[in-house]
Amino acid sequence: MAIPPSGDQIRQTFLDFYVKKAHQHLPSASLVPEDPTVLLTIAGMLQFKPIFLGQRQAEVPRATTAQKCIRTNDIENVGRTARHHTFFEMLGNFSFGDYFKEDAIAWAWELSTQVLNLPKERLVVSVFETDDEAYAIWRDRIGVPETHVRRMGEADNFWESGPTGPCGPCSEIYYDFHPERGDQDIDLEDDSRFIEFYNLVFMQYNRDAAGDLTPLAKQNIDTGMGLERVAQILQGKPNNYETDLIFPIIEAVSKLTGLPYEAADETQKTSYKVIGDHVRAVTHLIADGVVASNLGRGYILRRLIRRLVRHGRLLGLEQPFAAQVAERAIALMEGIYPNLRDREKTIKDALAQEEQQFLKTLERGEKLLAEEIAKLTQQTQALIPGAVAFKLFATFGFPVELTEEIAAEQGFTVDLAGYDVAMREHAGISNAQEEIDLTQQSDLKKLSARAEATVFRGYGTTQAQATVTDLFVDEQQASQAQAGDQVKLVLSETPFYAESGGQVGDRGYLTGPDLLVWIDDVQKEANTFVHQGRIQEGVLKQGEMVKAQVDRACRRRAQANHSATHLLQAALKHQVDAEISQAGSLVTFDRLRFDFNLNRAITADELRLVEAQVNTWIAEAHGAEVAEMPIAAAKAKGATAMFGEKYGDTVRVVDFPGVSMELCGGIHVSNTAEIGVFKIISESGISAGVRRIEAVSGPAVLDYLNVREAVVKDLSDRFKAKPEEIGDRVTALQMELKTTQKALEAAQSELAIAKSDSLLSQAQALGRFKILVAQLNGVDPKSLQIAAERLLQKLGDTGAVVLGSALDDGKVSLVAAFTPSVNEVGPQAGQFIGKIAQICGGGGGGRPNFAQAGGRDASKLPEAIDSAQQQLEAALGEY
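Residues numbered from 1 in each chain as written. Predicted model: local features only at pLDDT ≥ 70, side-chain atom pairs only at ≥ 80, totals over all residues. Heavy atoms only, no water.

Asks: Could you give me a rundown of helix H4 (residues 132-142), with the residues and numbers involved?
Replies: Along an α-helix, a turn takes 3.6 residues, which lines up residues three or four apart on a common side. Considered for burial, the residues of H4 that qualify are Ala134, Tyr135, Ile137, Trp138 and Ile142. The buried side chains of H4 occupy one side of the element, clustering within an arc of 160 degrees when seen end-on. Where H4 is buried, its residues touch helix H3 (101-115), strand E4 (123-128), strand E5 (149-152), strand E7 (165-176) and strand E8 (194-207). (Buried < 20%, exposed > 50% of the residue type's maximum accessible area, 1.4 Å probe, protein only. Helix = DSSP H or I, 4+ residues; strand = E, 2+ residues; numbered from the N terminus. Arc of directions from axis to C-beta. Contact = heavy atoms within 4.5 Å.)

This is the structure:
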């Protein structure tokens with residue numbers, strides 16, 4: 001019996017097959033896409049979206065890829081069905097206006113039957129119900145029997161990018177697990193019998209706003225073969241999880257639990273599968289630069305980590321385990337995705353930190369949810385309040401989807417509408433989009449889709465003669481514009497740098513006969529530089545020749561800050577941690593910002609060393625060496641690349657020899673001495689595992705110091721002290737203020753006591769109890785507490801005191817003090833005062849004998865005091 005191919009062999013077989021068919025093998029794109037309309041890479045075609053839209057010319061006519069993807073829209077099915085995943089690999093072959101249906105179908109069949117050796121009689125294909133062309137190719141050229149070619153409707157076999165735009169019919173290949181059931185009335189939606197493993201999209205039409213279809217000038221092919229599904233078929237496994245792509249991870253988990261997968265029950269097997277799937281997903285997400293957070297893709301990462309941690313708990317894993325299991329995932333996939341091993345430390349550190357953080361609150365959160373479910377069970381209700389779900393999220397770190405999942409396991413649902421209300425009151429959460437809309441384009445993208453590529457001259461000059469090739473006024477194309485108009489325009493060539501790589505676009509102006517146009521920003525869309533600004537004088541016409549001039553002062557500032565950013569990263573690696581990697585940056589004319597991965601704060605001493613190191617390199621006057629080279633050569637030389645950034649085959653390398661070497665398309669100084677000086681302004685954490693340094697360089701340092709000097713001079717004048725004496729003077733004032741504050745609090749307490757003593761005559765006898773309910777305005781909460789305790793002491797063992805005070809800021813302070821004898825017959829101070837505070841729009845609580853509360857509406861205090869009086873009379877009057 002032949003040994004079935006491994007998942008790695010299947011992947012390589014696919015790629016080799018299409019390389020032999022003249023396809024260029026391109027690398028997988030990052031899971032963090034360039035497309036701002038999609039949070040994560042969810043399909044193999046996503047990296048080619050600009051080509052399909054006509055925004056970018058294809059560099060090759062044919063391509064083949066193995067693309068890593070993540071989808072979470074059906075996460076609840078992961079581990080429960082045979083083939084649902086969050087992380088999966090999509091093998092694809094693509095044609096950009098080259099071959100079309102006949103070749104795509106023929107090659108898909110050849111690969112499936114002659115290379116992967118799938119039995120022809122087990123394959124069934126589907127076509128769009130009106131696609132007679134595809135039907136004829138399958139039947140007449142390929143020779144598939146009519147009983148194995150099924151016509152299906154638009155919902156299943158017609159691909160569209162959105163309401164308008166590129167679209168076309170699909171054809172899919174299915175594998176039949178049970179051919180013995182016969183060919184009559186085949187139902188391809190029967191998951192127990194069929195699995196779709198290869199999808200061919202024939203992108204041949206454009207749909208307009210009226211819904212009419214017209215043939216595209218260039219027809220494209222977009223295909224996808226699910227690696228995990230093909231592995232299940234070829235390896236003869238009952239589900240994708242038991243293939244060699246995932247099962248080794250499951251085995252690593254089973255070694256930790258001591259429970260073999262084969263001996264597990266179905267619930268335990270589901271947990272094993274969830275962990276096997278999610279570990280692959282989170283490992284790749286972290287490797288591609290995603291950081292766990294409560295927003296966007298960071299929320300997806302956190303949700304997946306916490307879900308796999310919980311399933312580990314269900315299998316009896318009480319201690320952190322994710323980082324250990326991630327090692328198995330890295331080992332399985334590093335051959336095709338080498339960045340996993342490169343980022344090993346970051347991956348394991350991030351998983352360990354996130355898991356440890358969640359474990360601190362997981363048990364308490366599970367307990368709260370169990371108590372809520374038990375309470376609802378007694379009340380014969382099955383809906384968990386949204387406020388409880390929100391508390392689980394905000395306090396215990398439970399993503400609401402996790403709460404839903406746990407609740408569903410016991411037959412409960414979650415009030416998501418109520419959860420959303422609670423969430424909106426605090427903070428919003430971004431959820432991933434699970435569709436690719438090729439029609440969702442910004443105005444700049446629409447402009448650049450038809451514009452010629454802009455020739456950039458800015459590396460060598462700050463001025464150039466150019467033609468205005470496109471002109472827009474108020475987002476509408478125009479033939480001319482006049483003084484006062486806001487314009488967007490494209491030049492045939494430009495010295496202006498367009499915003500990219502964290503560096504802002506240049507400023508400057510355009511001139512011509514009686515013409516002046518101020519340019520305040522330049523954006524880059526595809527290969528087009530879009531200049532934005534205002535016409536100051538004259539009339540600008542499309543097709544006109546103008547002189548483009550960059551503001552040299554702004555350019556020098558941006559150059560200094562960008563080069564300083566490179567030196568800063570090198571200094572952080574040198575002085576703090578060699579594993580530090582860039583997580584983002586911003587380079588403007590007046591400052592720079594550098595975000596980096598580090599799981600701790602940088603100490604003050606380390607910051608001083610980093611700053612000193614950068615200034616040393618500046619003083620040493622290192623010359624810049626800039627060159628373009630193949631990306632493989634750049635990496636071989638040790639050039640630093642930003643994780644998640646997409647680079648072409650040829651890259652630009654900015655090298656300050658012996659100091660810093662990075663892949664960068666930005667504008668830089670020719671020598672570090674041109675930076676002048678570097679000053680760190682702040683260092684802070686912006687999310688889990690990510691730190692941020694803000695700094696200034698060059699002339700901006702002088703601006704920064706001038707502001708600080710003005711502040712110091714003002715303080716010196718106010719304190720009548722020398723600059724070096726200001727610290728001592730402030731300390732003395734703080735001590736003086738503290739002493740005065742204590743004296744004031746003592747005076748307020750004495751006043752409150754004096755006021756409270758005058759209230760004793762208002763005490764009311766109720767049977768054997770004495771109650772005193774009164775309003776004592778202008779008394780702060782602490783003094784109100786002292787007054788209540790003193791009054792209770794004077795009322796004796798059967799006393800109950802409730803006091804309220806309207807404060808100067810319009811808020812309310814309330815206090816209740818009850819003796820044990822009052823508690824014995826019912827009233828508890830905490831519960832009592834909490835309900836009273838609700839009248840004033842507040843809340844609170846405390847112990848049975850003493851509690852405090854607050855409110856936001858002082859106008860309701862008299863009503864609250866009256867209610868307290870009535871409730872105490874009702875509770876104690878019968879005794």
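Asks: Outline the packing of helix H1 (residues 7-20) against helix H6 (residues 227-235), listing residues and values.
Replies: Contact geometry for H1 and H6: axes closest at 10 Å, N-to-C directions at 115 degrees. In terms of crossing hand, the pair formed by H1 and H6 is right-handed. Between H1 and H6, the residues in contact are Gly7, Ile10 and Arg11 and Leu227, Val230, Ala231, Leu234 and Gln235, respectively. (Axes fitted to C-alpha atoms, helices over the stretch in contact; angles between N-to-C directions. Left-handed = near helix turned anticlockwise from the far one by under 90°.)

Asks: Help me get a handle on the pairing of strand E33 (residues 812-818), residues and values and all.
Replies: Burial within E33 is extensive, with 7 of its 7 residues counted as buried. Of the two faces of E33, both are covered, the one formed by Val812, Leu814, Ala816 and Phe818 as well as the one formed by Ser813, Val815 and Ala817. Between strand E32 (residues 799-806) and E33, which pair antiparallel in sequence order, lie 5 residues; one of them, Gly810, sits at a positive phi of approximately 85 degrees. Taken together, the 6 bridges between E33 and strand E35 (residues 850-855) define a ladder with antiparallel strand orientation. Among the inter-strand pairings, Ala816 is bridged to a residue of E35, identified as Ala851. (Pairing = 2+ DSSP bridges.)

Asks: Which residues make up the sheet that holds strand E26 (residues 650-656), and what are the values?
Replies: Here we have 3 strands laid out as an open sheet, ordered E25-E26-E27, and antiparallel in their pairing. Edge positions in the open sheet fall to strand E25 (625-630) and strand E27 (660-663), since each of these has one partner strand only. Taken pair by pair, the neighbouring strands of this sheet meet at an average axis angle of 25 degrees, ignoring direction. Note that E26 and E27 share 4 bridges and pair antiparallel. Looking at E27, one finds that Val654 is bridged to Glu662.

Asks: An account of the pattern of salt bridges is requested, with residue identities and associated values reported.
Replies: With the rule as written, the count across this model stands at 39 salt bridges. Here Asp703 ties to Arg557 by a salt bridge, and the two come within 3.1 Å at their closest N and O atoms. One end of the pair, Asp703, is in helix H20 (residues 699-719); the other, Arg557, is in helix H17 (residues 552-575), and 146 residues separate them in sequence. Residue Arg557 is classed as partly exposed on the basis of its relative accessible area, which comes to 22%. (Salt bridge = Lys/Arg side-chain N within 4 Å of Asp/Glu carboxyl O.)

Asks: Please set out H6 residue by residue, giving values where relevant.
Replies: When you tally the buried positions in H6, you get 8 out of 9 residues, the bulk of the element. Of the residues making up H6, those classed as buried are Leu227, Glu228, Val230, Ala231, Gln232, Ile233, Leu234 and Gln235. Those residues of H6 that are buried lie in contact with H1, strand E3 (87-96), E7, E8, strand E9 (213-226) and helix H8 (266-287). At the C-terminal side of H6, Gly236 shows a positive phi close to 65 degrees.

Asks: Before we move on, could you go through the sheet that holds strand E34 (residues 843-846) and cite the residues and values that matter?
Replies: Here we have 6 strands laid out as an open sheet, ordered E30-E31-E32-E33-E35-E34, and mixed in their pairing. Lying at the two open borders of the sheet, with one neighbouring strand each, are strand E30 (764-766) and E34. The sheet shows a mean angle of 15 degrees between the axes of neighbouring strands, direction not considered. Sheet topology places E32 next to E33; 7 bridges connect them, and they run antiparallel. For Leu803, the partnering residue across the bridge sits in E33 and is Val815. Together, E30, strand E31 (769-775), E32 and E33 form the strand contacts of helix H25 (residues 861-876), whose direction differs from that of E31 by roughly 175 degrees.

Asks: An account of the environment of Leu572 is needed here, citing residue identities and associated values.
Replies: Structurally, Leu572 is set in helix H17. On the basis of relative accessible area, Leu572 is assigned to the buried category, the value being 0%. Those residues within four positions of Leu572 in sequence are excluded, and the remaining contacts are Asp577, Ile580, Phe594, Phe596, Ile602, Val610 and Ile693.

Asks: So what's going on with the nonpolar core? Which residues, and what values?
Replies: Counting residues in each nonpolar core, the largest one holds 113 residues, and the members touching the most others are Trp138, Phe197, Tyr198, Met225 and Ile384. Sorting elements by how many residues they give to this core places helix H12 (residues 344-378) first, with 9 residues. Among residues more than four places away in sequence, those in contact with Phe197 are Ser112, Leu118, Leu123, Ile173, Tyr174, Tyr175, Gly224, Met225, Gly226, Arg229, Val230 and Ile233. If you look at the next biggest cluster of nonpolar residues, it comprises 29 residues, including Leu572, Val576, Phe594 and Ile618. (Core = buried A, V, L, I, M, F, W, Y, C linked by side-chain atoms within 4.5 Å.)

Asks: Just give me the short version of the environment of Ser805, but keep the residues and values in it.
Replies: By the secondary structure assignment, Ser805 is in strand E32. For Ser805, a relative accessible area of 0% gives the class buried. The sequence separation of Ser805 and Gln775 amounts to 30 residues, and the corresponding C-alpha distance is 5.8 Å. Residues contacting Ser805, with those up to four places away along its chain left out, are Leu776, Asn777, Gly778, Val779, Leu784, Lys811, Val812, Ser813 and Leu861.

Asks: Can you explain the packing of aromatic side chains? Please cite residues and give values.
Replies: Under the definition given, this model contains 19 aromatic pairs. Aromatic side chains Tyr261 and Tyr272 sit 6.0 Å apart centroid to centroid with 65 degrees between the ring planes, which places their arrangement in the edge-to-face category. Placement of the pair is Tyr261 in the loop between helix H7 (247-257) and H8 and Tyr272 in helix H8, with a sequence separation of 11 residues. Note on accessibility: Tyr261 and Tyr272 belong to one class, buried. Taken together, the ring pairs in this structure connect Phe14, Phe17, Tyr18 and Tyr198 into an aromatic cluster. The ring centre of Tyr459 lies 3.7 Å from the NZ or CZ of Arg652, which sits over that ring. (Phe/Tyr/Trp six-rings, centres within 6.5 Å; stacked < 30°, edge-to-face > 60°. Lys NZ or Arg CZ within 6 Å of the ring centre and 35° of its normal.)

Asks: Account for the packing of H7 against H8, naming residues and giving values.
Replies: Two numbers describe how H7 lies on H8: the axes approach to 9 Å, and their chain directions differ by 120 degrees. In terms of orientation, H7 and H8 fall into the oblique class. H7 and H8 meet at a crossing whose hand is right-handed. Residues Ile249, Ile250, Val253, Ser254 and Thr257 of H7 pack against Tyr272, Lys273, Ile275, Gly276, Val279 and Arg280 of H8. Residues of the contact of H7 with H8, tallied by class, amount to 6 nonpolar, 3 polar and 2 charged. (Parallel < 35°, antiparallel > 145°, perpendicular 65-115°, else oblique. Nonpolar A, V, L, I, M, F, W, Y, C, P; charged D, E, K, R; others polar.)

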